[in-house]
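# Observations on the three-dimensional arrangement
As a plain string of letters, each chain reads:
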Amino acid sequence: MPVRIDEEITFRRLEVLLAFMETGSLSRAAEKLETSSVSVHRALHSLEAGLRCALFRNEGRNLHPNDAAHALADVAREVLGTMAEGIRSTREVAGYSADRIRIGSLYSLTHHTIPALVMAMKVRKPEVQTELVLGSNADLLQKLRDGSVDAALMGTPEGAPDVESEPLFVDDIFFAAPAGSRYAALDQIDLATCADESFVTLSEGFVTYSGFVDSFRVAGFTPNVVMKTGDIFSLMNLVSGGVGCTLLPGRVRGVMPQEIQFIPLQPKYLMRQTIGLHFLRSRERDPNLLALLTVCRLARTKLG
């Protein structure tokens, strides 16, 4: 049966022992550890109590390590080194301060926002590799919670007290129609007049889908949705090909400027998306996430 380790023997006290052995005095060990000489002396005495044997001999006011102290110091170096490596590898598995960061993102943010943030992260932390995971708002929130991504750039989720959010920008929703359609001459769209129109939309779970549903609830009718798709760029292709109209966030206006016309909605239908950086509150001290948070704050005025 393994020997039970007395509670007086701790990692911190082993660190004190090594500092004392390396510096040769209580005062220098205290300076190295940013503590007091009294605390160092107390820690060394606690180790002796826990081991139930003497580690030092007193010569006046000075402590001199005996053979037992040297033996314990050799073991302490190995134990502390092993534990430090264990902490590092455990944090890496959990994604904490690893040499990579996994960022979840909405498809619509890959046109401008994601490239800007990735390049800024490379400048700030060149040793950290960035992995990109795309999905809907619902997908990304689940991946955030199960640890598949470290952070997510998406619409701010409702009812998520476990998630820390940093807003980046607010985006308006527009009516999107093929270029040259019968809506081309309008300054604003009254959705109530579009009951006979065919529509295409994103699948449920995307933040843009939620805005789509809310807008037509205000219009007072259920739109004729002829097709759904799983990414916003396919959706835009469907619009440009004349399959149907849709509602799109303003951030994608520059993707297909010749094929799709973005027309403002009348104020009563106005829907806005708050896009932000999101990560679990339990990981708010992760150095990689803090670096990404800083990058987002610095780039905030340029995003969107």
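### What to know about the pattern of salt bridges
The tally for this structure, following the rule as stated, stands at 17 salt bridges. Across the salt bridge formed by D6 and R52, the nearest N and O atoms sit 3.4 Å from each other. With a gap of 46 residues between them, D6 in the segment before helix 1 (11-23) and R52 in the loop between helix 3 (37-51) and strand 1 (56-59) connect regions that are remote in the sequence. Between R281 and E164 there is a salt bridge; the shortest N-O distance is 2.5 Å. With R281 in the loop between strand 11 (272-280) and helix 9 (287-299) and E164 in strand 6 (residues 163-178), this pair connects stretches of sequence that are 117 residues apart. With relative accessibility at 40%, the residue R281 sits in the partly exposed group. Residue class for E164 comes out partly exposed when judged on its relative accessible area of 24%. Through salt bridges with shared partners, one network takes in R102, D150, R283 and D286.

### Examining the packing of helix 2 (residues 26-33) against helix 3
Packing of helix 2 against helix 3 leaves a shortest axis separation of 8 Å and a crossing angle of 105°. As summarised for this structure, helix 2 and helix 3 are arranged roughly perpendicular, according to the angle between their axes. Here helix 2 contributes L26, S27, A29 and A30 to the contact with helix 3, which in turn contributes S37, V40, H41 and L44. Taken together, the residues of the contact of helix 2 with helix 3 break down into five nonpolar, three polar and no charged.

### A look at the pairing of strand 1
Two strands pair when backbone bridges link them, and strand 1 and strand 2 (residues 62-65) are joined in this way by four bridges, in the antiparallel orientation. Directly across from E59, in strand 2, lies its bridge partner N62.

### Examining helix 1
Taking 1.5 Å of rise per residue, the 13 residues of helix 1 would be expected to cover 18 Å, and the 18 Å separating its terminal C-alpha atoms lies within 8% of that figure. Listed in full, the buried residues belonging to helix 1 are L14, V16, L17, L18, A19, F20 and M21. Positive backbone phi, approximately 85°, marks G24, located one or two places after helix 1.

### Brief notes about the environment of A30
Residue position: A30 is located in helix 2. Those residues within four positions of A30 in sequence are excluded, and the remaining contacts are T35, S36, S37 and V40.

### Section: the packing of aromatic side chains
Here the structure, examined in full by the defined rule, presents nine aromatic pairs. With a centroid separation of 5.4 Å and 85° between ring planes, the pair formed by F20 and F56 is classed as edge-to-face. Taken as a pair, F20 in helix 1 and F56 in strand 1 lie far apart in primary sequence, 36 residues in all. With respect to burial, F20 and F56 carry one shared label: buried. Note on F212 and F216: the rings are 4.8 Å apart at their centroids and 50° apart in plane angle, and the pair reads as tilted. Of this pair, F212 and F216 are both found in helix 7 (residues 207-219), four residues apart, which corresponds to roughly one turn of the helix. Judged by its relative accessible area of 3%, F212 is buried. For F216, a relative accessible area of 2% translates into the label buried. Three or more aromatic residues link up through ring pairs in this structure, and these residues are F175, Y183, F199, F212, F216 and F221.

Rules of the game
The residue numbering used here restarts from 1 in each chain and proceeds along that chain's sequence as written. Where local features are concerned, this predicted model is filtered to residues with pLDDT of at least 70; where side-chain atom pairs are given and counted, the filter is 80 or more; whole-chain, interface and lining totals use all residues. Here the side-chain values reflect all heavy atoms present in the structure, with hydrogen atoms and water set aside. What makes a salt bridge here is a side-chain nitrogen of Lys or Arg within 4 Å of a carboxyl oxygen of Asp or Glu, nothing more. Every helix listed is a DSSP run of H or I at least four residues long, and every strand listed is a run of E at least two residues long, numbered separately from the N terminus. Here's how the labels work: a residue is buried when its accessible area is under 20% of the maximum for its type, exposed when over 50%, partly exposed in between, all with a 1.4 Å probe on protein chains only. What counts as an axis is a line fitted to C-alpha atoms, over the stretch in contact for a helix, and the angles between N-to-C directions run from 0 to 180 degrees. In these notes the angle categories are as follows: under 35 degrees is roughly parallel, over 145 is roughly antiparallel, 65 to 115 is roughly perpendicular, and the rest is oblique. Contacts are assigned to residue pairs with any non-hydrogen atoms lying within 4.5 Å of each other. Asp, Glu, Lys and Arg are counted as charged, while Ala, Val, Leu, Ile, Met, Phe, Trp, Tyr, Cys and Pro are counted as nonpolar; the rest, among them Gly, fall into the polar class. In this description, strands pair whenever DSSP reports at least two bridges between them. A helix is expected to span 1.5 Å multiplied by its residue count minus one. Here a pair means two rings of Phe, Tyr or Trp (six-membered ring of Trp) with centres within 6.5 Å. Their orientation is stacked below 30 degrees between planes, edge-to-face above 60, and tilted elsewhere.

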